[in-house]
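Letter by letter, the chains look like this.
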Amino acid sequence: MAAKIHVIANQKGGVGKTTLAVNLAAITHAVLVESNSPLRKLEQEEAPSPVMVASTDPQGSSVWWSDRVKNRGGLPFDFAQVDDPRDLSKLRRLAYSHIFVDTPGSLEDERILQSALEECDDVIIPMTPEPLSYDPTRLTIDEVIAPRGIPYRVVVNNWDPRDGTTDLQQTAQFIAKSGWPACKTVIRRYKLHTRASAEGQVVTQYPRNRTASEAREDFLYLALELGYGGSVPALPTQNTGSPASSSARKS
Ligand SMILES: Nc1ncnc2c1ncn2[C@@H]1O[C@H](COP(=O)(O)OP(=O)(O)OP(=O)(O)O)[C@@H](O)[C@H]1O
Ligand SMILES: [Mg+2]
(Lines give C-alpha, C1' and ligand atoms only; values in the text may rest on other atoms or scores of the structure.)
(Ligands and ions follow the chains in the order given, each with its own letter.)
Protein backbone atom coordinates (compact mmCIF):
# COMPACT_ATOMS: atom_id res chain seq x y z
CA MET A 1 0.00 0.00 0.00
CA ALA A 2 1.30 3.47 -0.85
CA ALA A 3 2.59 5.61 2.01
CA LYS A 4 0.37 8.29 3.47
CA ILE A 5 1.98 11.70 3.16
CA HIS A 6 1.32 14.19 5.96
CA VAL A 7 2.49 17.75 5.35
CA ILE A 8 3.20 19.90 8.42
CA ALA A 9 2.63 23.50 7.41
CA ASN A 10 2.24 27.05 8.65
CA GLN A 11 3.77 30.04 6.94
CA LYS A 12 4.39 31.53 10.35
CA GLY A 13 7.89 30.66 11.50
CA GLY A 14 8.65 29.03 14.81
CA VAL A 15 5.20 27.53 15.54
CA GLY A 16 6.53 23.98 15.88
CA LYS A 17 6.44 22.43 12.39
CA THR A 18 9.80 20.70 12.78
CA THR A 19 9.04 19.72 16.37
CA LEU A 20 5.72 18.14 15.33
CA ALA A 21 7.14 16.43 12.24
CA VAL A 22 9.99 14.66 14.04
CA ASN A 23 8.08 13.80 17.20
CA LEU A 24 4.93 12.56 15.45
CA ALA A 25 7.25 10.42 13.30
CA ALA A 26 9.00 9.10 16.42
CA ILE A 27 5.72 8.19 18.12
CA THR A 28 4.26 6.65 14.96
CA HIS A 29 7.43 4.56 14.56
CA ALA A 30 7.17 3.48 18.20
CA VAL A 31 3.52 2.48 17.86
CA LEU A 32 4.00 0.60 14.59
CA VAL A 33 7.34 -1.05 15.29
CA GLU A 34 8.31 -1.08 18.92
CA SER A 35 6.32 -2.52 21.71
CA ASN A 36 6.81 -3.10 25.38
CA SER A 37 7.47 -6.76 24.65
CA PRO A 38 11.24 -7.33 24.92
CA LEU A 39 10.99 -10.23 22.46
CA ARG A 40 9.32 -8.14 19.81
CA LYS A 41 11.81 -5.32 20.45
CA LEU A 42 14.71 -7.65 19.66
CA GLU A 43 12.96 -8.85 16.51
CA GLN A 44 12.26 -5.33 15.31
CA GLU A 45 15.54 -3.65 16.16
CA GLU A 46 17.07 -4.28 12.76
CA ALA A 47 13.83 -4.00 10.78
CA PRO A 48 13.45 -1.02 8.40
CA SER A 49 11.23 1.77 9.74
CA PRO A 50 7.80 2.24 8.15
CA VAL A 51 8.14 5.96 8.93
CA MET A 52 10.09 8.75 7.24
CA VAL A 53 10.53 12.47 7.82
CA ALA A 54 11.16 14.42 4.63
CA SER A 55 12.36 17.98 5.03
CA THR A 56 11.55 20.40 2.23
CA ASP A 57 12.85 23.36 4.25
CA PRO A 58 15.87 24.82 2.44
CA GLN A 59 17.04 26.19 5.80
CA GLY A 60 17.14 22.54 6.77
CA SER A 61 16.55 22.77 10.50
CA SER A 62 15.43 19.16 10.56
CA VAL A 63 18.58 18.17 8.65
CA TRP A 64 20.62 19.75 11.39
CA TRP A 65 18.32 18.04 13.81
CA SER A 66 18.76 14.61 12.36
CA ASP A 67 22.55 15.04 12.29
CA ARG A 68 22.44 15.77 15.99
CA VAL A 69 20.35 12.73 16.70
CA LYS A 70 22.62 10.51 14.58
CA ASN A 71 25.49 11.45 16.84
CA ARG A 72 23.50 10.12 19.76
CA GLY A 73 22.70 6.70 18.41
CA GLY A 74 20.46 7.48 15.47
CA LEU A 75 16.94 8.50 14.62
CA PRO A 76 14.36 5.74 14.98
CA PHE A 77 12.84 6.63 11.58
CA ASP A 78 14.33 7.36 8.16
CA PHE A 79 15.10 10.90 7.15
CA ALA A 80 15.51 12.61 3.79
CA GLN A 81 16.20 16.15 2.66
CA VAL A 82 13.99 16.73 -0.38
CA ASP A 83 15.09 19.67 -2.48
CA ASP A 84 12.32 19.24 -5.02
CA PRO A 85 9.00 18.37 -3.34
CA ARG A 86 7.83 16.74 -6.59
CA ASP A 87 10.17 13.90 -5.54
CA LEU A 88 7.71 13.08 -2.74
CA SER A 89 5.71 11.09 -5.28
CA LYS A 90 8.76 8.80 -5.71
CA LEU A 91 9.10 8.41 -1.93
CA ARG A 92 5.47 7.35 -1.75
CA ARG A 93 6.31 4.27 -3.79
CA LEU A 94 8.92 3.10 -1.26
CA ALA A 95 7.95 0.79 1.56
CA TYR A 96 6.78 3.38 4.09
CA SER A 97 3.42 3.64 5.83
CA HIS A 98 3.74 7.29 6.85
CA ILE A 99 5.87 10.14 5.53
CA PHE A 100 5.88 13.37 7.58
CA VAL A 101 6.90 16.37 5.50
CA ASP A 102 8.45 19.35 7.25
CA THR A 103 7.96 22.58 5.29
CA PRO A 104 9.51 26.06 5.43
CA GLY A 105 8.03 28.73 7.66
CA SER A 106 7.98 31.75 5.40
CA LEU A 107 5.80 33.34 2.77
CA GLU A 108 8.77 33.49 0.37
CA ASP A 109 8.94 29.70 0.27
CA GLU A 110 5.29 29.32 -0.77
CA ARG A 111 6.26 27.57 -4.01
CA ILE A 112 7.87 24.76 -2.00
CA LEU A 113 4.82 24.46 0.23
CA GLN A 114 2.51 24.45 -2.80
CA SER A 115 4.38 21.61 -4.46
CA ALA A 116 4.51 19.59 -1.24
CA LEU A 117 0.72 20.00 -1.01
CA GLU A 118 0.37 18.55 -4.52
CA GLU A 119 1.60 15.21 -3.19
CA CYS A 120 0.00 14.99 0.24
CA ASP A 121 -2.90 13.15 1.86
CA ASP A 122 -3.46 15.53 4.75
CA VAL A 123 -2.04 18.63 6.39
CA ILE A 124 -1.26 19.31 10.04
CA ILE A 125 -1.13 22.96 10.95
CA PRO A 126 0.55 23.78 14.24
CA MET A 127 -0.22 27.17 15.75
CA THR A 128 0.84 28.75 19.02
CA PRO A 129 -1.86 30.05 21.41
CA GLU A 130 -1.10 33.74 20.87
CA PRO A 131 -2.74 36.44 18.72
CA LEU A 132 0.51 36.89 16.77
CA SER A 133 0.02 33.56 15.08
CA TYR A 134 -3.65 34.14 14.12
CA ASP A 135 -3.23 36.10 10.90
CA PRO A 136 -0.36 34.11 9.37
CA THR A 137 -2.25 30.88 10.16
CA ARG A 138 -5.39 32.29 8.54
CA LEU A 139 -3.41 33.22 5.42
CA THR A 140 -1.89 29.75 5.18
CA ILE A 141 -5.23 28.01 5.57
CA ASP A 142 -7.51 30.32 3.59
CA GLU A 143 -5.13 31.11 0.74
CA VAL A 144 -3.03 27.98 0.39
CA ILE A 145 -4.56 24.89 1.98
CA ALA A 146 -8.37 25.13 2.04
CA PRO A 147 -8.67 26.04 -1.69
CA ARG A 148 -7.04 22.70 -2.55
CA GLY A 149 -9.69 20.73 -0.67
CA ILE A 150 -7.08 18.65 1.18
CA PRO A 151 -8.13 17.43 4.66
CA TYR A 152 -6.38 19.46 7.33
CA ARG A 153 -6.33 19.85 11.10
CA VAL A 154 -5.05 22.66 13.30
CA VAL A 155 -3.05 21.68 16.41
CA VAL A 156 -2.33 24.11 19.21
CA ASN A 157 1.33 23.75 20.16
CA ASN A 158 3.50 25.29 22.83
CA TRP A 159 0.82 26.04 25.41
CA ASP A 160 2.31 26.58 28.84
CA PRO A 161 -0.18 25.42 31.49
CA ARG A 162 1.45 27.84 33.94
CA ASP A 163 0.06 30.72 31.83
CA GLY A 164 -3.52 29.65 32.59
CA THR A 165 -6.20 28.93 30.03
CA THR A 166 -7.11 32.44 28.79
CA ASP A 167 -4.87 32.42 25.69
CA LEU A 168 -5.75 28.82 24.99
CA GLN A 169 -9.49 29.54 25.18
CA GLN A 170 -9.15 32.61 22.97
CA THR A 171 -7.21 30.61 20.43
CA ALA A 172 -9.79 27.79 20.53
CA GLN A 173 -12.54 30.38 19.95
CA PHE A 174 -10.61 31.90 17.05
CA ILE A 175 -10.18 28.46 15.50
CA ALA A 176 -13.88 27.61 15.99
CA LYS A 177 -15.01 30.98 14.58
CA SER A 178 -12.81 30.45 11.56
CA GLY A 179 -14.51 27.10 11.01
CA TRP A 180 -11.26 25.14 10.99
CA PRO A 181 -11.16 21.50 12.05
CA ALA A 182 -8.96 21.28 15.13
CA CYS A 183 -7.36 18.53 17.16
CA LYS A 184 -8.56 18.09 20.71
CA THR A 185 -5.01 17.33 21.73
CA VAL A 186 -2.91 20.33 22.74
CA ILE A 187 0.87 20.00 22.75
CA ARG A 188 2.10 21.58 25.93
CA ARG A 189 5.23 23.60 26.26
CA TYR A 190 8.06 21.72 27.89
CA LYS A 191 11.63 22.91 28.20
CA LEU A 192 12.51 19.34 27.29
CA HIS A 193 11.20 19.88 23.75
CA THR A 194 13.12 23.13 23.42
CA ARG A 195 16.31 21.47 24.56
CA ALA A 196 15.69 18.30 22.59
CA SER A 197 17.13 19.42 19.28
CA ALA A 198 20.23 20.79 20.95
CA GLU A 199 20.62 17.52 22.78
CA GLY A 200 19.74 15.47 19.74
CA GLN A 201 16.67 13.62 20.97
CA VAL A 202 13.17 12.82 19.79
CA VAL A 203 10.36 12.26 22.33
CA THR A 204 10.75 8.49 22.35
CA GLN A 205 14.39 8.95 23.38
CA TYR A 206 13.72 11.29 26.29
CA PRO A 207 14.83 10.11 29.73
CA ARG A 208 12.42 7.92 31.70
CA ASN A 209 10.96 10.35 34.19
CA ARG A 210 7.58 11.88 34.91
CA THR A 211 7.98 15.14 33.01
CA ALA A 212 9.33 13.32 29.97
CA SER A 213 6.38 10.90 30.10
CA GLU A 214 3.95 13.83 30.13
CA ALA A 215 5.74 15.48 27.24
CA ARG A 216 5.67 12.20 25.31
CA GLU A 217 2.02 11.61 26.16
CA ASP A 218 0.93 14.72 24.22
CA PHE A 219 2.42 13.35 21.02
CA LEU A 220 1.00 9.91 21.69
CA TYR A 221 -2.50 11.37 22.09
CA LEU A 222 -2.02 13.42 18.94
CA ALA A 223 -0.87 10.43 16.89
CA LEU A 224 -3.84 8.42 18.18
CA GLU A 225 -6.27 11.23 17.46
CA LEU A 226 -4.92 11.55 13.93
CA GLY A 227 -5.15 7.78 13.43
CA TYR A 228 -1.46 7.19 12.71
CA GLY A 229 -1.16 4.05 14.82
CA GLY A 230 -2.34 1.72 12.08
CA SER A 231 -5.51 -0.27 11.95
CA VAL A 232 -6.54 -2.81 14.54
CA PRO A 233 -6.45 -6.33 13.11
CA ALA A 234 -9.70 -8.24 13.42
CA LEU A 235 -9.84 -10.22 16.64
CA PRO A 236 -10.26 -13.99 16.28
CA THR A 237 -13.91 -14.95 16.36
CA GLN A 238 -14.96 -16.19 19.78
CA ASN A 239 -17.23 -19.15 20.14
CA THR A 240 -19.42 -17.27 22.59
CA GLY A 241 -21.92 -20.13 22.89
CA SER A 242 -19.43 -22.59 24.43
CA PRO A 243 -19.74 -23.42 28.12
CA ALA A 244 -16.00 -22.77 28.58
CA SER A 245 -16.18 -19.19 27.31
CA SER A 246 -19.33 -18.37 29.24
CA SER A 247 -17.82 -19.65 32.47
CA ALA A 248 -14.67 -17.65 31.72
CA ARG A 249 -16.82 -14.52 31.38
CA LYS A 250 -18.52 -15.15 34.68
CA SER A 251 -15.28 -15.68 36.62
N1 LIG B 1 5.80 22.22 22.61
C2 LIG B 1 6.97 22.87 22.70
N3 LIG B 1 7.58 23.03 23.91
C4 LIG B 1 8.74 23.67 24.01
N5 LIG B 1 9.42 24.20 22.98
C6 LIG B 1 8.87 24.08 21.75
C7 LIG B 1 7.63 23.42 21.54
N8 LIG B 1 7.34 23.47 20.22
C9 LIG B 1 8.37 24.13 19.63
N10 LIG B 1 9.28 24.51 20.54
C11 LIG B 1 10.52 25.26 20.31
O12 LIG B 1 10.19 26.43 19.57
C13 LIG B 1 11.17 26.67 18.57
C14 LIG B 1 10.48 26.66 17.20
O15 LIG B 1 9.99 25.35 16.96
P16 LIG B 1 10.19 24.65 15.54
O17 LIG B 1 11.60 24.82 15.05
O18 LIG B 1 9.65 23.28 15.63
O19 LIG B 1 9.23 25.58 14.69
P20 LIG B 1 9.09 25.66 13.09
O21 LIG B 1 7.68 26.01 12.81
O22 LIG B 1 9.65 24.44 12.48
O23 LIG B 1 10.06 26.89 12.78
P24 LIG B 1 10.54 27.38 11.30
O25 LIG B 1 9.37 28.06 10.69
O26 LIG B 1 11.66 28.32 11.62
O27 LIG B 1 10.99 26.16 10.57
C28 LIG B 1 12.23 25.61 18.73
O29 LIG B 1 13.25 26.10 19.54
C30 LIG B 1 11.49 24.48 19.44
O31 LIG B 1 12.36 23.69 20.21
MG1 LIG C 1 11.14 24.18 11.03
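Please refer to the structure placed before this passage.
Here we summarise the structure given alongside this text. In this text the structure is predicted, and so the values were computed from the model without any measurement. (Residues numbered from 1 in each chain as written. Chains lettered and ligands numbered in written order. Predicted model: local features only at pLDDT ≥ 70, side-chain atom pairs only at ≥ 80, totals over all residues. Heavy atoms only, no water.)

**Points about the overall build of the protein**
So the rule is basically this: Helix and strand assignments come from DSSP, with helices taken as H or I runs of at least 4 residues and strands as E runs of at least 2, each series counted from the N terminus. Throughout this description, buried means an accessible area under 20% of the type-specific maximum (1.4 Å probe, protein chains only), exposed means over 50%, and partly exposed covers the range between. In what follows, residue pairs with any heavy atoms lying within 4.5 Å of each other are defined as contacts. Calculation of accessible area relied on Shrake-Rupley with a 1.4 Å probe; when residues are assessed, cover is drawn exclusively from the protein chains displayed.
Counting its secondary structure elements, the protein contains 10 helices and seven strands. Every one of the 251 residues in the protein was classed for burial, and the buried ones make up 48%. Intrachain contacts of the protein at a sequence separation of at least 6 include 81% that bridge at least 24 residues. Of the roughly 13400 Å² of accessible surface on the protein, 51% is carried by carbon and sulfur atoms.

**What about the site of ligand 1?**
Counted only if it meets this: Being near a molecule or strand, for a residue, comes down to having at least one heavy atom within 4 Å of it. Any N or O atom pair separated by 3.5 Å or less is treated as a polar contact, with the protein-specific requirement of one donor-capable and one acceptor-capable atom, and with residues adjacent in sequence counted only for side-chain atom pairs.
Taken together, 17 residues form the shell around ligand 1, and within it Lys17, Thr18, Thr19, Asn157 and Thr194 come nearest. Gly16 places a main-chain nitrogen or oxygen 3.0 Å from an oxygen atom of ligand 1. A distance of 2.8 Å separates an oxygen atom of ligand 1 from a polar atom in the side chain of Lys17. Burial of ligand 1 by the surrounding chains reaches 78%, relative to a free accessible area of 630 Å². Elements supplying a minimum of two residues to the shell around ligand 1: α1 (17–32), β6 (152–159), β7 (187–188) and α8 (191–199). Top contributing element to the shell around ligand 1 by residue count: α1, with three residues.

**Considerations on α8**
Spelled out, the test is: Taking the helix axis as origin, the arc is that swept by the directions to the C-beta atoms.
Among the residues of α8, those classed as buried are Leu192, His193, Ala196 and Ser197. Each buried residue of α8 sits inside an arc of 135° when the element is viewed along its axis, so together they form one side. Turned more than 90 degrees from where α8 packs its buried face, Lys191 and Thr194 sit exposed. Note on α8: the residue one or two positions beyond its end, Gly200, has a positive phi of about 70°.

**Some points on the pairing of strand β1 (residues 4–8)**
Here is the key point about a regular strand: its side chains alternate between the two faces of the sheet. Test applied: Strands are treated as partners if at least two bridges between them are detected by DSSP.
Within β1, four of the five residues are buried, leaving the element largely enclosed by the surrounding structure. The pairing of β1 with strand β4 (residues 98–102) spans five bridges and is parallel. Its bridge partner lying in β4, His6 is registered against Phe100. Here β1 pairs with strand β5 (residues 122–127) via three bridges, running parallel. Following the sheet pairing, Val7 is matched in β5 by Val123.

**Description of the packing of aromatic side chains**
Rules: Ring pairs are drawn from Phe, Tyr and Trp, using the six-membered ring of Trp, whenever the two centres fall within 6.5 Å, and their geometry is named by plane angle: stacked under 30 degrees, edge-to-face over 60, tilted for the rest.
Following the criterion strictly, the structure yields three aromatic pairs and no others. Taken together, a centroid distance of 4.2 Å and an interplanar angle of 10° make the contact between Tyr134 and Phe174 stacked. Within this pair, whereas Tyr134 is found in helix α6 (residues 134–145), its partner Phe174 is found in helix α7 (residues 166–178), the two being separated by 40 residues in sequence. A relative accessible area of 11% means that Phe174 is categorised as buried. With a centroid separation of 5.4 Å and 85° between ring planes, the pair formed by Phe174 and Trp180 is classed as edge-to-face. An identical accessibility class is assigned to Phe174 and Trp180; each is buried. Of the aromatic side chains, those joined through ring pairs into one cluster are Tyr134, Phe174 and Trp180.

**Some thoughts on a nonpolar patch on the surface**
Rules: Exposure above 30% relative accessible area and the absence of a salt bridge qualify a residue for a patch, where like charges join within 9 Å and nonpolar side chains (Val, Leu, Ile, Met, Phe, Trp, Tyr) within 5 Å. By convention in these notes, a salt bridge is any Lys or Arg side-chain nitrogen within 4 Å of a carboxyl oxygen on Asp or Glu.
Among the surface-exposed residues, Val31, Leu220, Tyr221 and Leu224 lie close enough to one another that they form a single nonpolar patch of about 390 Å² accessible area. The leading source of residues in the nonpolar patch is helix α9 (residues 210–226), at three residues. The topology assignment puts Val31 in helix α1. Take Val31: its relative accessible area is 39%, and that puts it in the partly exposed class.

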